[in-house]
Amino acid sequence: MLEQIGSMIFQTDFVFSIFRITAPILFAALAAVVAEKAGVTNIGLEGIMLFCALFGTLFAYWTQNWFIGVCSAVVVGVFFALLIGFFALQLNTDIILAGIAVNTMSSGGTIFLLYMFTGERGNTAALTSSKLLIPTVEIPILNKIPILGDILSGHAVLTYVAFIMVFLVWILLYKTAIGLKIRAVGENEHAAESVGVNVRFIKYIALAISGVFCGLGGAFMSMYYSQSFNTGIIAGRGFIALAAQAMGQGEPVGAMFSSLLFGFAQALRTKVSGIQGVSSNLISAMPYLVTIIGMVIYAASTMRKVKRRNADKEKNQ
Amino acid sequence: MSNNEYVVQMKGIEKVYSNGVAANQGVDFFVKRGEIHALMGENGAGKSTLMKMLFGMEQPTSGEIIVNGEKVTLTSPTVAISKGIGMVHQHFMLVPSLTVAENMVLGMEPKKGMFIDYKKAVEITEEYAKRFNLHVDANAKVIDIPVGMKQKVEILKALVRGAKILILDEPTAVLTTQETTELFKELIHLKEQGFTIIFISHKLKEIKQITDRLTIMRNGKSMGVYETKDISEQEISRLMVGRDVILTVEKEKAEPSDVVLKVRDLEYTDSWNRKMLDKMSFSVRKGEILGVAGVEGNGQRELVDMLFNLNVPDAGTITVNGQNVIGTPQRKIREMGVSLIPEDRMTYGIASSGSIEENVISDRFDKKKFNKGPLFDMNAIHAESEQLIADYKVLCKNYKQQVGMLSGGNIQKVVVAREFSCNPKLIIADQPTRGIDVGATEFIRKKLVELSREGVAVLLVSADLNEVMELSDSLVVFYNGKIAAYFEDTSVLNDEMMGEYMLGLKKQSDEEIRRVCHE
């Protein structure tokens, strides 16, 4: 059986699928990274993405244009992220509860809105056509290279965007004034406040940025990955992203690697579940098992780091 | 006009907090341009409040503030900064994972196009560091630099924002001796360049060393302004420490017998690497109230925490009637007959959302008396609560009332009711009457005396000089984590003597201090 799995892993279509599966998790993980850097825990990623997935397909259908669909999903994402911000920052509700509220609202709310707008029940399969999906791109030259071309070329536009975003988020956080303020606010808001930084405004900005990524992630799911909207479409990716954020030590690049790990686990699950004699229940637990193992490794490494830091300090004194 | 001479004039400043505490009562505070001016006073004298108003963190109830000859309304730190006032807080306002340069420019980042010009930030930091002789490592992360450098970063932060007047809130409290010496050099350097420095402290030696003039505060009032060179340390201590009204408590003479609490060679170094307890030894006997006096931060809090196993000493022993306390669970400590009135009553004294009843039975709900099989005997619990409310005169609707809704004095009475009624052998009373009304204060003091005369050993830690001098039968003074003096009989004491020991001007011989061990 191991041989079977081995031979699957070393096929280009398997590696290709890792990137496809990783992209939406990565979007959500970046959303978590930016919010968490500003000290706001956006636990509503899951729900926001679901709303975005719905409105992405709907707007694409109404305008018959996939690009407007994606943009609308982004706007909707920002709206819901700011809504959480409004409750948490303006009205002083617990941000976790505000996030849970959005998650809960999304599962019923999307069905309701879908029916209200289109009369469809549960999914949008009847509304979409292939031209309303996010297109894939063949990268010239690269697609001629054997193996590498098969793996890296032919992905959806947003898959590339997801990986480019890792770099852009890093630039944002570490090379711009707003990024410096976001990091300062997240770590010691009194310090930021004492030098005249508008703490609440910065938190809104961070939430809005995380909304943008939710929008892209949601649109990716309904307009490419599943090719239509249904209410189970996000399937825990918002929560896995929170784990990826933590496992990646809150850094964009770290979050990318942990997202890839989840992507790998999920891709493996899809493959292995086809093999005879393997318990499918056990296999479907795999991505979550990877989450747990990842968190354990992360916790152990942080503890070691803290210890080393303390030891260094003592030496200095 | 005096405008040229004085850069800060605070006139007739009153500050009354919403809970009725008058922290400043008609304070005048004048600072000359280019001087180092000390603001002195014990904890709670109102010096921090005064400075918070000068830095715009709080607004005065009445009075006026004039900066550089211009009457100002300082509504926020940002406004104060724009008037050239900078403050270095006791707890640093730095972001640990950012570099020194990033902390410096936060909120005023130099930019190159869309991006931060980090190179420029480093340049600015190094330029200021050089100009003011405050050496910092611009590229190091704040989390990795020592405390002394963090303080320099704070000073530079204020300077880079254009501060001409620097307020330093107890800057030496977190520094080692070398770092302090270095800081003083830097401050004098700043003074030479025309900066004005306000230096909050209660350390006499430092004040004498670097300040030009000083203002002393006591109980929310100014005790006057003095030229540092013209006033003796004794004089300062007399003005700083003292009572406006002398309170007397009637009590019979104590007849102390066996030792109950025995503390030997206790040592503790805190996370700032400061020695908070240094070979401390003393005993408290049955039937006496031993007072602990001292300026706050000289080891009192650390000691109390250790007596109730809320912290663990580096070395030494603590026993109650021969039983070890260190590392013993609080429940066991209570079973030994130890009661605690904690300083922070809202955190350690009560559960504020619980009812009075729940709070008073929280140490005894598992007793047979209050249980019927697996369930509580609610009648017994109600009866106990009602009894305690009556005995301790807790002003409330009934035992179901939420404790957090009561007044400070009544909350403390709830704590006291529980702690005094559990048949204690040793009571540790940490600031038992701080911030509560006169009626409750008197009641609690009477109860303490009453219990001690019935044979309970009492350790009374208090920053209230009246309380600790009048209530205690004998008394120790803490200074720098050590006992500076032991007085077997408090009736011979006066404020002046106390001040000298509390501020470290005097220290008894080891033999005299050793007497408190009663061996």
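Residues numbered from 1 in each chain as written. Chains lettered and ligands numbered in written order. Predicted model: local features only at pLDDT ≥ 70, side-chain atom pairs only at ≥ 80, totals over all residues. Heavy atoms only, no water.

Asker: Could you give an account of the overall build of chain B, with specific residues and numbers?
Answerer: Helix and strand counts for chain B stand at 18 helices and 24 strands. Projecting the C-alpha coordinates of chain B onto the three principal axes gives extents of approximately 75 × 55 × 45 Å. Put simply, 66% of the contacts in chain B that link residues at least 6 apart link residues at least 24 apart. Of the accessible surface of chain B, which amounts to about 22500 Å², a share of 50% is contributed by carbon and sulfur atoms. For chain B, the distance from the average site of its 66 positive side-chain charges to the average site of its 73 negative ones is 2 Å. (Helix = DSSP H or I, 4+ residues; strand = E, 2+ residues; numbered from the N terminus. Contact = heavy atoms within 4.5 Å. Areas by Shrake-Rupley, 256 points an atom, 1.4 Å probe, with all protein chains shown as cover. Lys, Arg positive; Asp, Glu negative; His and termini not counted. Charge placed at Lys NZ, Arg CZ, Asp CG, Glu CD.)

Asker: Outline the overall build of chain A, listing residues and values.
Answerer: Per the secondary structure count, chain A includes 14 helices and zero strands. The linear arrangement of helices and strands in chain A, starting from the amino end, is α-α-α-α-α-α-α-α-α-α-α-α-α-α. Computed over C-alpha atoms, the radius of gyration of chain A comes to 21 Å, within 12% of the 20 Å expected from 2.2 N^0.38 for 317 residues, which places it in the range of a compact globule. Along the longest, intermediate and shortest principal axes, the C-alpha atoms of chain A span 60 × 50 × 40 Å. (Rg over C-alpha atoms; globule rule 2.2 N^0.38 Å.)

Asker: Break down the sheet that holds strand 14 (residues 275-285) of chain B for me, citing the residues and quoting the values.
Answerer: Residue and element names in this part refer to chain B. Across the sheet, four strands lie side by side as 14-13-16-17; this open sheet has antiparallel pairing. Both outer strands of the open sheet, strand 14 and strand 17 (323-324), are each paired with one neighbouring strand and no more. Of the pairings in the sheet, the one linking strand 13 (residues 259-269) to strand 14 comprises seven bridges and is antiparallel in character. Counted as the bridge partner of Val259 is Arg285 from strand 14. (Pairing = 2+ DSSP bridges.)

Asker: Outline a positive patch on the surface, supporting the account with residue identities and numerical values.
Answerer: The grouping of Arg304, Lys305 and Arg308 of chain A together with Lys141 of chain B at the surface amounts to a positive patch. In this structure, Arg308 of chain A sits in helix 14 (residues 286-316). (Patch = residues over 30% accessible without salt bridge, like charges linked within 9 Å, V, L, I, M, F, W, Y side chains within 5 Å. Salt bridge = Lys/Arg side-chain N within 4 Å of Asp/Glu carboxyl O.)

Asker: How would you summarise the side chain of Arg345 of chain B if you had to cite specific residues and measurements?
Answerer: Residue and element names in this part refer to chain B. Within the fold, Arg345 resides in helix 11 (residues 345-349). Asp344 provides the closest opposite charge to the buried, unpaired Arg345, separated from it by 7.5 Å. Setting aside chain neighbours within four positions, we find Arg345 in contact with Ile350, Gly408, Ile411, Gln412, Arg434 and Ile436. (Buried < 20%, exposed > 50% of the residue type's maximum accessible area, 1.4 Å probe, protein only.)

Asker: So, the environment of Asn321 of chain B: which residues are in play, and what are the values?
Answerer: Residues and elements named next belong to chain B. Mapping Asn321 onto the fold places it in the loop between strand 16 (315-320) and strand 17. Judged by its relative accessible area of 41%, Asn321 is partly exposed. Along the primary structure Asn321 and Ser82 are separated by 239 residues, whereas in three dimensions their C-alpha atoms are 61 Å apart.

Asker: Quick rundown of helix 11 (residues 237-247) of chain A? Include the residues and the values.
Answerer: All names here are of chain A. Among the 11 residues in helix 11, 10 count as buried, and that is most of the element. Residues of helix 11 that are buried include every one of Arg237, Gly238, Ile240, Ala241, Leu242, Ala243, Ala244, Gln245, Ala246 and Met247, and no others. Two residues or fewer past helix 11, Gln249 is found with a positive phi of approximately 55°.

Asker: How would you summarise the interface of chain B and chain A if you had to cite specific residues and measurements?
Answerer: Taken together, the contact pairs 23 residues of chain B with 20 residues of chain A. Surface buried jointly by chain B and chain A totals about 1900 Å² across both partners, of which 62% is contributed by carbon and sulfur atoms. A per-residue breakdown of the area chain B buries against chain A is headed by Met93, Leu106 and Ile116 of chain B, which together make up 24% of the total. At the boundary of chain B with chain A, the tally comes to two salt bridges. A salt bridge links Arg183 of chain A to Glu102 of chain B; the nearest nitrogen and oxygen atoms lie 3.1 Å apart. Counting the contacts that link chain B with chain A gives four residue pairs in polar contact (both at pLDDT 80 or more). For the side of chain B that touches chain A, the secondary-structure elements that each account for two or more residues are helix 2 (77-82), helix 3 (100-105) and strand 8 (115-116) of chain B. Taken together, the residues of the side of chain B that touches chain A break down into 13 nonpolar, four polar and six charged. (Buried area = accessible area lost by both parts, 1.4 Å probe. Polar contact = N/O pair within 3.5 Å; in protein donor to acceptor, adjacent residues only side chain to side chain. Nonpolar A, V, L, I, M, F, W, Y, C, P; charged D, E, K, R; others polar.)

Asker: Which residues make up the packing of aromatic side chains, and what are the values?
Answerer: Scanning the entire structure with this criterion turns up 19 aromatic pairs over all chains. The interplanar angle of 85° and the centroid separation of 5.9 Å between the aromatic rings of Phe14 of chain A and Phe264 of chain A together place this pair among those described as edge-to-face. Taken together, the positions of Phe14 of chain A in helix 2 (residues 12-37) and Phe264 of chain A in helix 12 (residues 252-272) put the pair 250 residues apart, joining distant regions of the chain. By relative accessible area, which is 29% here, Phe264 of chain A ends up partly exposed. Look at Tyr128 of chain B and Phe132 of chain B: their rings are 5.8 Å apart centre to centre, the planes differ by 35°, and that puts the pair in the tilted class. Residue Tyr128 of chain B is classed as buried on the basis of its relative accessible area, which comes to 16%. Judged by its relative accessible area of 2%, Phe132 of chain B falls in the buried class. Here the aromatic residues Phe55, Phe59, Trp62 and Phe117 of chain A are joined through ring pairs into a cluster of three or more. The ring of Tyr225 of chain A has Arg237 of chain A lying over it, and the distance from NZ or CZ to the ring centre is 4.9 Å. (Phe/Tyr/Trp six-rings, centres within 6.5 Å; stacked < 30°, edge-to-face > 60°. Lys NZ or Arg CZ within 6 Å of the ring centre and 35° of its normal.)

Asker: Could you give an account of the packing of helix 7 (residues 157-175) of chain A against helix 12 of chain A, naming the residues involved and the relevant values?
Answerer: Packed helices, taken two at a time, are described by the angle their axes make and the gap between the axes. All names here are of chain A. Put simply, helix 7 and helix 12 touch, their axes get as near as 9 Å, and they point 155° apart. Viewed along their axes, helix 7 and helix 12 adopt a mutual orientation that is roughly antiparallel. Within the contact between the two elements, helix 7 uses Phe163, Val166, Val169, Trp170 and Leu173 and helix 12 uses Pro252, Val253, Met256 and Leu260. Among the residues forming the contact of helix 7 with helix 12, the class breakdown is nine nonpolar, no polar and no charged. (Axes fitted to C-alpha atoms, helices over the stretch in contact; angles between N-to-C directions. Parallel < 35°, antiparallel > 145°, perpendicular 65-115°, else oblique.)

Asker: Before we move on, can you summarise the environment of Tyr224 of chain A with the specific residues and values?
Answerer: Residues and elements named next belong to chain A. Relative to the elements of secondary structure, Tyr224 occurs in helix 10 (residues 199-225). In the structure, Tyr224 is positioned 119 residues away from Met105 in sequence and 24 Å away in space, judged by C-alpha atoms. Aside from chain neighbours lying at most four places away, what touches Tyr224 is Arg20, Leu133, Ile134, Thr136, Ala156 and Ala219.

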